[in-house]
Amino acid sequence: MKVNSHQLNQQYKEQGYFVLRKYFKQSEILALQLVVLKFHELWKKDNDNFYKEEAFNSSLITGSQYLSDDDRIKLFNFISSKKLMSVIDSLISSNPAFMNTQLFFNPVNPQQKDFWHRDCQYDHDIEMQQQVIFETQVLHLRVPLFDELGMELVPGTHNRWDTEEEFNVRQEENGRISSENLSTGKKINLAAGDLLVFSADMIHRGIY
């Protein structure tokens, strides 16, 4: 699939996200599955209680704790591939930097729900959050390995502050809960081979 950089850039500026359907070939996803599932099985053994009680993600897939150097190189080759870099370059024109990798999975408890958040809320107070969303450019690139329910996003919140409802839910103020539904949320279903790109600072949550 050829990337239309201008179109992607415009959609991202307006909405804070875009989806490229069937962007990766089945063979590319299968190769990625082999490495990532190897990591996941080893990680579960070391984090059995956490996995069974509350976890829905793990980090540092590209780390050296669970994977061989050959497997790590496969992951880094995928991350730095022309296919992904052409998308990144359409949004960050100079010197993009790699930050980390995370694996998201369905929690053991099917009743468990993810919570609305902006990534910047974990590092900054409210006043700084209001500044950061206009100053930073942090992207999430979600690559589903299997068909999944996907994400729920609040379009446009990468460049505006919360409404009263969004703030109360996200911060659990005035009796609201961070896992309850938002009237402004938009569900994005994903299939293996899709690519979802969205701002880390927009309001979002996973769906399980």
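An account of the accompanying structure is given in this report. Remember, it's a predicted structure, so these values are computed and weren't measured experimentally.

Remarks on the sheet that holds strand 6 (residues 186-190)
Pairing is antiparallel across the open sheet formed by three strands, whose spatial order is 6-5-8. On the outer flanks of this sheet lie strand 6 and strand 8 (204-206), each paired with one strand and no other. With strand direction ignored, the average angle separating the axes of adjacent strands in the sheet is 25°. With four bridges connecting them, strand 5 (residues 148-153) and strand 6 associate as antiparallel partners. Note on strand 6: the bridge partner recorded for Glu152 is Lys187.

Brief notes about the nonpolar core
Counting residues in each nonpolar core, the largest one holds 30 residues, and the members touching the most others are Phe18, Val87 and Leu195. Elements represented by at least two residues in this core include exactly helix 1 (5-15), strand 1 (17-20), helix 2 (26-46), helix 4 (69-79), helix 5 (82-91) and strand 7 (195-199). Excluding residues that lie within four positions of it along the chain, Phe18 makes contacts with Leu8, Gln11, Tyr12, Val87, Leu91, Leu195, Leu196 and Val197. With eight residues, the next largest nonpolar core counts Tyr17, Ile188, Leu190 and Phe198 among its residues.

Points about helix 5
Within helix 5, the full set of buried residues consists of Leu84, Val87, Ile88, Ser90 and Leu91. Axial view of helix 5: buried residues confined to an arc of 155°, hence all on one face. Where helix 5 is buried, its residues touch helix 1, strand 1, helix 4, strand 4 (139-142) and strand 7.

Points about the environment of Ile133
Take Ile133: it is sitting in helix 6 (residues 126-135). For the pair formed by Ile133 and Val108, sequence separation is 25 residues and the distance between their alpha carbons is 33 Å.

Here we look at the pattern of salt bridges
In total, this model carries 14 salt bridges according to the counting rule given. A salt bridge links Asp69 to Arg72, with the shortest nitrogen-to-oxygen separation between them at 3.6 Å. A residue pair is termed a helical-turn pair when its members lie 3 or 4 positions apart in one helix, as Asp69 and Arg72 do in helix 4 at three residues. One salt-bridge network, in which partners are shared between bridges, spans Lys38, Asp71 and Lys74.

Definitions and limits used
The numbering scheme is per chain: residues are counted from 1 as the chain's sequence reads. Since the coordinates come from a predicted model, pLDDT governs what is reported: local features require at least 70, and pairs of side-chain atoms require 80 or more to be given and counted, while whole-chain, interface and lining totals use all residues. Note that the side-chain values use all heavy atoms of the structure and ignore hydrogens as well as water. Pairing between strands is defined by DSSP: at least two bridges between the two strands are required. Helix numbering and strand numbering both begin at the N terminus, where a helix is a DSSP run of H or I of at least 4 residues and a strand a DSSP run of E of at least 2. Where helices are involved, their axes are fitted lines through C-alpha atoms of the stretch in contact, as for all axes, and angles between N-to-C directions lie from 0 to 180°. By convention a nonpolar core is built from buried Ala, Val, Leu, Ile, Met, Phe, Trp, Tyr and Cys residues, the set being connected through side-chain atoms within 4.5 Å. Exposure is judged per residue with a 1.4 Å probe applied to protein chains only, and the accessible area is read against the type maximum: over 50% gives exposed, under 20% gives buried, and values in between give partly exposed. Only heavy atoms enter the contact rule, under which two residues are in contact if any of them lie within 4.5 Å. As used here, the arc is the angular range of directions from the helix axis to the C-beta atoms. The term salt bridge refers to a pairing of a side-chain nitrogen on Lys or Arg with a carboxyl oxygen on Asp or Glu at a separation within 4 Å.

Coordinates in, geometry out; function isn't part of it.
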